[in-house]
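# Inside the fold
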Amino acid sequence: MNLRLFIGGMRGSRPAIGSGFDEFGGDTTSLLLVGSRDERLILDAGTGLRTIADELAPMEPGEVTILFSHYHLDHLVGLVMNPLFYRSEWSFRFVGPTFADGGVREAITKLLAQPYWPISWKQMTAKLEFAKFPVGGIAVGGLRIRECPVPHPGGSFAYRVDDAGCGASMVFATDIEWKQRTPANEAAFLALCREPSPADLLVIDAHFGDVDQKAFAGWGHSSREDCLAIAAKAGIGRVLLGHHAPEADDEKLQAAERQAKQLSPGASLARAGQWLTVGG
Ligand SMILES: [Zn+2]
Ligand SMILES: [Zn+2]
């Protein structure tokens, strides 16, 4: 078996709705990884979590880990509409970093309670657990996960997932503002991408083109050009660009993808609803 990736959504900042958003999708960031030994790992819980729940529902019920890069609403709001939280045969372990403004337990227990949501997390029938992402990483079955703090307002973690069962690896880096990096940030992030060998796939925040990024310095996101330069430096050939700007419709994203492929033939833009095989 392989490491497989499902894109629930990779829209940035807020959902995008309408006929111009069919191809790349309008749901905010949420990805599902299914490991070679059937491990289930969700990365962030934007509104894309609703289609991930549809993919999980027919699978054997059991434990799912939801790992958070950070707690901005576009990465969290899908938690309010996950039907599997109301099914006792499922259990969810929420894992994420702790920043100056709080960690995973504070963020989620605040959101899944009044005044933001009518049903408290305590009333949900699935088993829900919270854990701080520990220094040195975690394991989900044969998936080994390590972290790297990256520049973003309030903080954000990038993660690398290595599947011990099949040898495939992926780096997930959203939200990240590469132009705000220090030399130490750069060295740490490149090490995450390269060690022990260049990851098979880099999934990264390419909210802007280089021109727009200059106007939004400090907003927390990178440009496509930055992302492709990082991948080249890290020796990663396959890059999936995401955190699409909410105003960028299919036509704009098709043009962005054509431009990205000219710079790097292994680049493409994430499309919601896609299943991809990582590595081998
Ligand atoms: Zn975001
Ligand atoms: Zn953010």
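Located above this text is the structure these notes cover.
In this report, the structure presented in the accompanying data block is examined. (Residues numbered from 1 in each chain as written. Chains lettered and ligands numbered in written order. Predicted model: local features only at pLDDT ≥ 70, side-chain atom pairs only at ≥ 80, totals over all residues.)

### Details of the overall build of the protein
Scanning the protein from terminus to terminus reveals 6 helices and 14 strands. Across its three principal directions, the C-alpha atoms of the protein cover 50 × 40 × 35 Å. Every one of the 280 residues in the protein was classed for burial, and the buried ones make up 49%. Taking as baseline every contact in the protein between residues at least 6 positions apart, the subset at least 24 positions apart corresponds to 70%. (Helix = DSSP H or I, 4+ residues; strand = E, 2+ residues; numbered from the N terminus. Buried ≥ 20, exposed ≤ 12 C-beta atoms within 10 Å, placed from the backbone. Contact = placed C-beta atoms within 7 Å.)

### Observations concerning helix H1 (residues 49-56)
Residues of H1 that are buried: Leu49, Thr51, Ile52, Ala53 and Leu56. Against strand E1 (3-9), strand E2 (30-34), strand E3 (40-43) and strand E4 (63-67) lie the buried residues of H1.

### Here we look at unusual backbone geometry
The peptide bond linking Gln114 to Pro115 adopts the cis configuration, its omega dihedral lying at 5 degrees. Locating Pro115 in the fold gives a position in the loop between helix H2 (104-111) and strand E6 (127-132). A cis geometry characterises the amide bond from Thr174 onward to Asp175, with omega recorded as -5 degrees. Within the secondary structure, Asp175 is located in the loop between strand E10 (169-173) and helix H3 (183-194). Phi at Asp44 takes a positive value of approximately 65 degrees, unusual for a residue other than glycine. Considering the arrangement of structural elements, one finds Asp44 in the loop between E3 and H1.

### Let's talk about the pairing of E3
Looking along a regular strand, one sees the side chains alternate between the two faces of the sheet. The alternating pattern of E3 places Arg40 and Ile42 and Leu41 and Leu43 on opposite faces, both of which are buried. Here E2 runs beside E3; their pairing, made up of 4 bridges, is antiparallel. For Val34, the partnering residue across the bridge sits in E3 and is Arg40. Between E2 and the antiparallel strand that follows it, E3, lie 5 residues; Asp38 among them carries a positive phi value of about 70 degrees. (Pairing = 2+ DSSP bridges.)

### Looking at the environment of Asp210
Relative to the elements of secondary structure, Asp210 occurs in helix H4 (residues 210-215). C-alpha of Asp210 to C-alpha of Ser223: the two residues are 13 residues apart in sequence and 5.2 Å apart in space. Apart from the residues within four sequence positions on either side, Asp210 is in contact with Ser223 and Glu225.

### Observations concerning the nonpolar core
Within the largest apolar cluster, 82 residues are counted, with the highest numbers of intra-cluster contacts made by Ile42, Ala158, Val171, Leu202, Val239 and Leu241. Considering each element in turn, this core owes the most residues, 5 residues, to helix H5 (residues 224-234). With residues near it in sequence (within four places) discarded, Ile42 still touches Ser30, Leu31, Leu32, Ile52, Val64, Ile66 and Leu67. (Core = buried A, V, L, I, M, F, W, Y, C linked by C-beta atoms within 7 Å.)

### A word on the sheet that holds strand E12 (residues 239-242)
The mixed open sheet is built from 7 strands, whose spatial order is E7-E8-E9-E10-E11-E12-E13. Two strands bound the open sheet, and with one partner strand each, they are strand E7 (138-140) and strand E13 (267-269). Taking each pair of neighbouring strands and ignoring which way they run, the sheet shows an average axis angle of 20 degrees. Sheet topology places strand E8 (residues 143-150) next to strand E9 (residues 156-163); 8 bridges connect them, and they run antiparallel. Counterpart to Glu147 in the pairing with E9 is Tyr159. Running over the sheet, H3 touches E8, E9, E10 and strand E11 (201-205) and is turned about 160 degrees from E8. Across the sheet, H5 is in contact with E11, E12 and E13; its angle to E12 comes to roughly 155 degrees. (Axes fitted to C-alpha atoms, helices over the stretch in contact; angles between N-to-C directions.)

### A short note on the sheet that holds E2
In space, the 7 strands of this open sheet follow the order E6-E5-E4-E3-E2-E1-E14, with mixed pairing throughout. A strand with exactly one partner marks an edge of an open sheet, and here the two such strands are E6 and strand E14 (275-278). Taking each pair of neighbouring strands and ignoring which way they run, the sheet shows an average axis angle of 25 degrees. Here H1 sits on the sheet in contact with E1, E2, E3 and E4, set at roughly 135 degrees to E1.

### What about H5?
Residues separated by three or four positions in an α-helix point in the same direction, a consequence of the helix having 3.6 residues per turn. Among the residues of H5, Arg224, Asp226, Cys227, Leu228, Ile230, Ala231 and Ala234 are the ones counted as buried. A positive phi of about 75 degrees marks Gly235, the residue just after H5.

### What to know about the pairing of E6
Summarising the sheet, strand E5 (residues 91-96) and E6 pair through 6 bridges and their orientation is parallel. The partner of Phe94 across the bridge, within E6, is Phe130. Taking the sense of rotation as the criterion, the β-α-β connection linking E5, H2 and E6 turns out right-handed. (Right-handed = clockwise from strand over helix to strand, strands pointing away.)

### As for the environment of Ala206
On the secondary structure map, Ala206 appears in the loop between E11 and H4. With 36 residues separating them in the primary sequence, Ala206 and Gly242 have C-alpha atoms 5.5 Å apart. Once residues lying within four places of it in the same chain are set aside, the contact partners of Ala206 are Ser222, Ser223, Arg224, Cys227, Leu241, Gly242 and His243.

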